[in-house]
Amino acid sequence: MSLHRMSLRRFGLSILLAAMTAATTLVPLPAAAHGERATEPYIRTRTVHWYDVTWSSEKIGVNDKVTVEGKFHLFTDWPDAASKPELAFLSNASPGAVMTRVESYINDMPAQQSVRQLEIGRDYPFKMVMAGRVPGRWHLHPVLNVHGAGPIVGPGHWVEVAGSAADYKLPVTTMTGEVIDDLQHYGVARVQWWQAGYALLAVAWIVWWIRRPLIVPRWNAIRKGREDLLITRTDDRVAAGLLVLVLVVVIGGYRYTTQKYEYVVPLQAGSFKTKPLPQVPSLVAVEMKDATYDVPGRSLRLDVEITNQSESPMRLGEFTTANLRFLDKSLDVAVAGVDPSFPKDLVAGSSLKLSDSSPIAPGEKRTLRIEATDAAWEIERLVSFLTNVDSRVGGMLFFFDAKGQRHMAEVFGPIVPVFTQLQLAQSH
Amino acid sequence: MTENDRAILKVSELSSRAIPWSRTLDVLIIVVAAFLVWSVSHISFLLLGGDWDFFIDWKDRQYWILIIPITTIIMAASFQAIFWNLFRLPVGATASLLLLLLGTWIVRYHSWQGLAYFPLSLVVPGTCLMGALVLDAILVLSRSWLVTGMFGAVLYGLLFYPANWIYMAGYFQPVQNMGDMTSVADLIGYTFPRAGTPEYIRIIERGTLRTFGDTPTWVSAFFSAFVCIFLYYMFWGLGVLACNARFFPVGERFKSIYGNKGKAAGKAVGAAVAQPGAAS
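Residues numbered from 1 in each chain as written. Chains lettered and ligands numbered in written order. Predicted model: local features only at pLDDT ≥ 70, side-chain atom pairs only at ≥ 80, totals over all residues.

> What am I meant to see in the overall build of chain B here?
Scanning chain B from N- to C-terminus turns up twelve helices and two strands. The N-to-C order of helical and strand elements in chain B reads α-α-α-α-α-α-α-α-β-β-α-α-α-α. A burial count over chain B gives 49% of its 280 residues as buried. In chain B, of all internal contacts separated by at least 6 residues, the share reaching a separation of at least 24 is 67%. (Helix = DSSP H or I, 4+ residues; strand = E, 2+ residues; numbered from the N terminus. Buried ≥ 20, exposed ≤ 12 C-beta atoms within 10 Å, placed from the backbone. Contact = placed C-beta atoms within 7 Å.)

> For this particular structure, what's the right way to read the overall build of chain A?
Of regular secondary structure, chain A possesses eight helices and 23 strands. What you see for chain A is a C-alpha radius of gyration of 31 Å, clearly larger than the 22 Å of a compact globule of 428 residues, by over 25%. By its C-alpha atoms, chain A is 100 × 75 × 45 Å across when sized along the principal axes. The proportion of buried residues among the 428 residues of chain A is 34%. In chain A, the proportion of contacts linking residues at least 24 apart, taken out of those at least 6 apart, comes to 71%. (Rg over C-alpha atoms; globule rule 2.2 N^0.38 Å.)

> Where do I start with the interface of chain B and chain A in this structure?
By a widely used convention, the size of an interface equals the accessible area lost when the partners come together. Of the residues lining the interface, 86 residues belong to chain B; the matching set on chain A comes to 87 residues. Split into classes, the residues belonging to the side of chain B that touches chain A amount to 55 nonpolar, 18 polar and 13 charged. (Nonpolar A, V, L, I, M, F, W, Y, C, P; charged D, E, K, R; others polar.)

> Please clarify how helix H7 (residues 129–142) of chain B should be interpreted in this entry.
Spacing of three or four residues puts side chains on the same side of an α-helix, whose turn is 3.6 residues. Residue and element names in this part refer to chain B. For H7, which comprises 14 residues, the first-to-last C-alpha distance of 20 Å matches the rise-based estimate of 20 Å (1.5 Å per residue) to within 8%. Buried residues dominate H7, accounting for 13 of its 14 residues. Just downstream of H7, Arg143 is the residue with a positive phi angle, here 55°. (Expected span 1.5 Å × (residues − 1).)

> Please clarify how the pairing of strand S10 (residues 150–153) of chain A should be interpreted in this entry.
Strand residues, when the strand is regular, have side chains that alternate between the two faces of the sheet. Residue and element names in this part refer to chain A. Pairing of strand S9 (residues 136–146) with S10, which is carried by four bridges, proceeds in the antiparallel orientation. Note on S10: the bridge partner recorded for Asn145 is Pro151. Hairpin connection between S9 and S10: a loop of three residues separates the two successive antiparallel strands, and Gly148 in this loop has a positive phi of roughly 95°. (Pairing = 2+ DSSP bridges.)

> Before we go on, may I ask you to explain the domain arrangement of chain B in this structure?
Assigned domains of chain B: these are domain 1 (3–245) and domain 2 (251–280). Between the C-alpha centres of domain 1 of chain B and domain 2 of chain B there is a distance of 40 Å. (Domains from an automatic or database assignment.)

> Is there a simple way to explain the domain arrangement of chain A in this structure?
Examined at the domain level, chain A breaks down into domain 1 (41–169), domain 2 (188–260) and domain 3 (284–427). Look at where the C-alpha atoms of domain 1 of chain A and domain 2 of chain A centre, and you get two points 50 Å apart.

> Just checking my understanding: could you explain unusual backbone geometry for this structure?
Residues apart from glycine generally show negative phi values, whereas peptide bonds are mostly found in trans. Positive phi outside glycine occurs at Arg298 of chain A, with the angle close to 50°. By the secondary structure assignment, Arg298 of chain A is in the loop between strand S15 (284–294) and strand S16 (299–308).

> So what exactly am I meant to see when it comes to the sheet that holds strand S3 (residues 65–74) of chain A here?
Remark on secondary structure: sheet strands pair via backbone hydrogen bonds, oriented parallel or antiparallel. Residue and element names in this part refer to chain A. The sheet built from five strands is open, its strands ordered S1-S3-S8-S5-S6 with antiparallel pairing. Whereas interior strands pair on both sides, the edge strands pair on one side only; in this sheet they are strand S1 (48–55) and strand S6 (109–110). Of the pairings in the sheet, the one linking S1 to S3 comprises six bridges and is antiparallel in character. Across the sheet, Trp50 pairs through a bridge with Phe72, a residue of S3.

> I keep staring at the nonpolar core and nothing clicks. Help me out?
As a rule of thumb, nonpolar side chains are buried together in soluble globular proteins. Counting residues in each nonpolar core, the largest one holds 178 residues, and the members touching the most others are Ile73, Leu129, Leu133 and Val134 of chain B. Leaving out residues up to four positions away in the same chain, Leu129 of chain B has contacts with Tyr198, Ala199 and Ala202 of chain A together with Leu97, Leu98 and Leu101 of chain B. By size, the runner-up hydrophobic cluster in this structure holds six residues, among which are Ala221, Leu229 and Leu230 of chain A together with Ile8 of chain B. (Core = buried A, V, L, I, M, F, W, Y, C linked by C-beta atoms within 7 Å.)

> Help me understand the sheet that holds strand S19 (residues 353–354) of chain A, please; the structure alone is not making it clear to me.
Residue and element names in this part refer to chain A. The mixed open sheet is built from five strands, whose spatial order is S19-S20-S16-S15-S23. Unpaired on one side and paired on the other, S19 and strand S23 (416–418) mark the two borders of the sheet. Of the pairings in the sheet, the one linking S15 to S16 comprises ten bridges and is antiparallel in character. When the bridges of S16 are listed, Ala291 appears paired with Leu302.

> Can you help me understand the packing of helix H2 (residues 18–48) of chain B against helix H5 (residues 92–113) of chain B in this one?
Geometrically, a packed helix pair is captured by the angle between its two axes and the distance between the axes. Residues and elements named next belong to chain B. One can describe the packing of H2 onto H5 by two numbers: an axis separation of 8 Å at closest approach and a directional angle of 70°. Taken together, H2 and H5 sit at an angle that is classed as roughly perpendicular. Touching Ala34, Val37, Trp38, Ser41, His42 and Phe45 of H2 are Ala95, Ser96, Leu99, Leu100 and Gly103, all from H5. For the contact of H2 with H5, a count of residues per class yields seven nonpolar, four polar and no charged. (Axes fitted to C-alpha atoms, helices over the stretch in contact; angles between N-to-C directions. Parallel < 35°, antiparallel > 145°, perpendicular 65-115°, else oblique.)

> Would you take a moment to explain the environment of Ser94 of chain A for this structure?
Among the structural elements, Ser94 of chain A can be located in the loop between strand S4 (87–93) and strand S5 (99–106). Considering only alpha carbons, one finds Ser94 of chain A and Phe126 of chain A, 32 residues apart in sequence, at a separation of 18 Å.

> Sorry if this is basic, but what is going on with the confidence of the model for chain B here?
Fine structural detail should not be taken from predicted coordinates in areas where pLDDT scores are low. All names here are of chain B. Predicted confidence across chain B gives a mean pLDDT of 88, with 89% of residues reaching 70 or more. Mean pLDDT across the secondary structure elements of chain B bottoms out at helix H12 (residues 263–279), with 42, and peaks at H7, with 98. Ignoring residues within four places in sequence, the model shows residues 264–280, a span with pLDDT below 50, making twelve contacts including any to other chains. Across the interfaces of the predicted complex, the ipTM metric reaches 0.88, alongside a pTM of 0.86. (pLDDT = per-residue confidence, 0-100.)

> Where do I start with the pairing of S5 of chain A in this structure?
Residue and element names in this part refer to chain A. In this sheet, strand S8 (residues 123–132) lies alongside S5 in antiparallel orientation, the contact comprising seven bridges. The partner of Arg101 across the bridge, within S8, is Met130. The sheet contact formed by S5 and S6 spans two bridges and is antiparallel. Within the sheet, the bridge partner assigned to Ile106 lies in S6 and is Met109. Adjacent in sequence and paired antiparallel, S5 and S6 are bridged by two residues, among which Asn107 carries a positive phi angle near 50°.

> Would you take a moment to explain the environment of Gly213 of chain B for this structure?
Inspection of the secondary structure puts Gly213 of chain B in the loop between helix H9 (184–191) and helix H10 (217–244). As for Gly213 of chain B and Phe55 of chain B, which are separated by 158 residues in sequence, their C-alpha atoms are 26 Å apart.

> I would appreciate a short explanation of H9 of chain B in the present structure.
Across the eight residues that make up H9 of chain B, a large majority, eight, are buried. Those residues of H9 of chain B that sit buried are Val184, Ala185, Asp186, Leu187, Ile188, Gly189, Tyr190 and Thr191 of chain B.

Okay, structure coming up:
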């Protein structure tokens, strides 16, 4: 290959690289995903379990509202590697501020600020009202940010926002009576005009100095001991004038502003405490005896000992963990428990497989093998057992009595991954 | 061209042919220096100040007032020292803060609004530009880094709050939201969600120190001014150190890595590098 052709190729490559760099850095390209599968499985399966989550609409217009509500259960087997929920904040995950938060509540308490001392093992209802702002199809999740554990993301549902972003408006009236036409633009022009004024002064000051012979002549003059030529009496007067001007503008502007805004408040930064839902006596006792994850078969197998402590026969209808739901599809009441708005990709296609699906009689103790099989284990990146500091698994079991009433129980314990079919045959 | 300009050119002993080229060199160096000052000031601020000036609901009356001046004066002092010592140009602090402000607004539009859909009301920046002008002006009047540190750095820290309050006070009007009283800034922060920035990350007013106006604002401003004095001197020193850098002695092994084998060749290169310094 000739040197000329190589140079041409290099030149072409350089142009291509420059174009790619420009395209990726100069043109803003918003991200669609927001890392809901990036959180480690031990956090997603053993900290916050979201359930009964519903979305009021999957298509809204700009300024229209969508309500996300449901409950979350704080898991008893909370991993030691993650901080306990001493301080938390209810939020939402979406790609940027494409929707605005109108209201949010934990157990009917306004959740504008962080909540403290949530109780492990207890359940809390939540509600978020969001409004459409930027048209598009956005994945909307509830999130509980736990201080020291990070964001723990709930199930996400696609919500389409239709219309024009220019139509979004959020008028607010302050307690002093000032009407703000639109919160998203409020005060921006004022900031920009003032800062432009400051910048104008700065540019004038810099130009005053660089308009004259500059680098080499000034450097030479200093070396030759003639720095007296470099700053003149006029420069002194200009500097003094600038100093006075800056002080007058700042002090005068400050005095005017404090008179204009007589009532101001500092940023509000407290936290609140709320009670969990009343504790319901557990009518089903569950103890995990063994758990394996069949890596090639994408199947979680749990051997659990279940004791029915109620006076009604019970059937296991659902196993849920990390927002994934595995249903016993032969049990109508369990299938009916899935709200139509719940994301389909988080409900396993195959039925929950039970070694014995007959009702557990009152007082009966039964050892049951539960198999939850689906590619979702891989898709949701929930099988990184080898990277966890403690190889444990957790989830919630939903039982249904003869009247169709739901009873929840936690299930957790160590898990052993099975990497080959041969290992599987040996273990069972 | 003024009489003074002609005197400077005469003293510098530039030939008549070199004078126009000197002006071309000025322009080239200004452009390169501007990018250098811009990037260094911006990176330094992002590393040290960062979150404190990103969002309107982080701009509290204690830490914001304290942190922004002390994280920006370091580069202002360094560049002031460089421009002053080499060229007696009192524009280093102003250039640093002006370019930082320009860069900040570019990022606000491109990244915060363009990528994350945050409204500009959530991400309006503060600036220490007025303090920087004072710092440069006092250097001209005093011709002394010691006096500039004592008076200029104090004013740099003190002026930050009032100079920014002029246009930011409106964000601290009280509003009612979900039954609670809050500020407009808090409401903006609540309304436009930041998934990765939960409310508890903010550090808002720790401690009970208050002035007679029942606010920690001026306590913070004076403390900021006090810290600015020491940081100014420290980073002025860093700037002076940068001015004294002539060349770095290069070892034989380093030379051989770059294909410059043998002591003779090394000496020749070393001599060539050292020559401009020697001439000075």
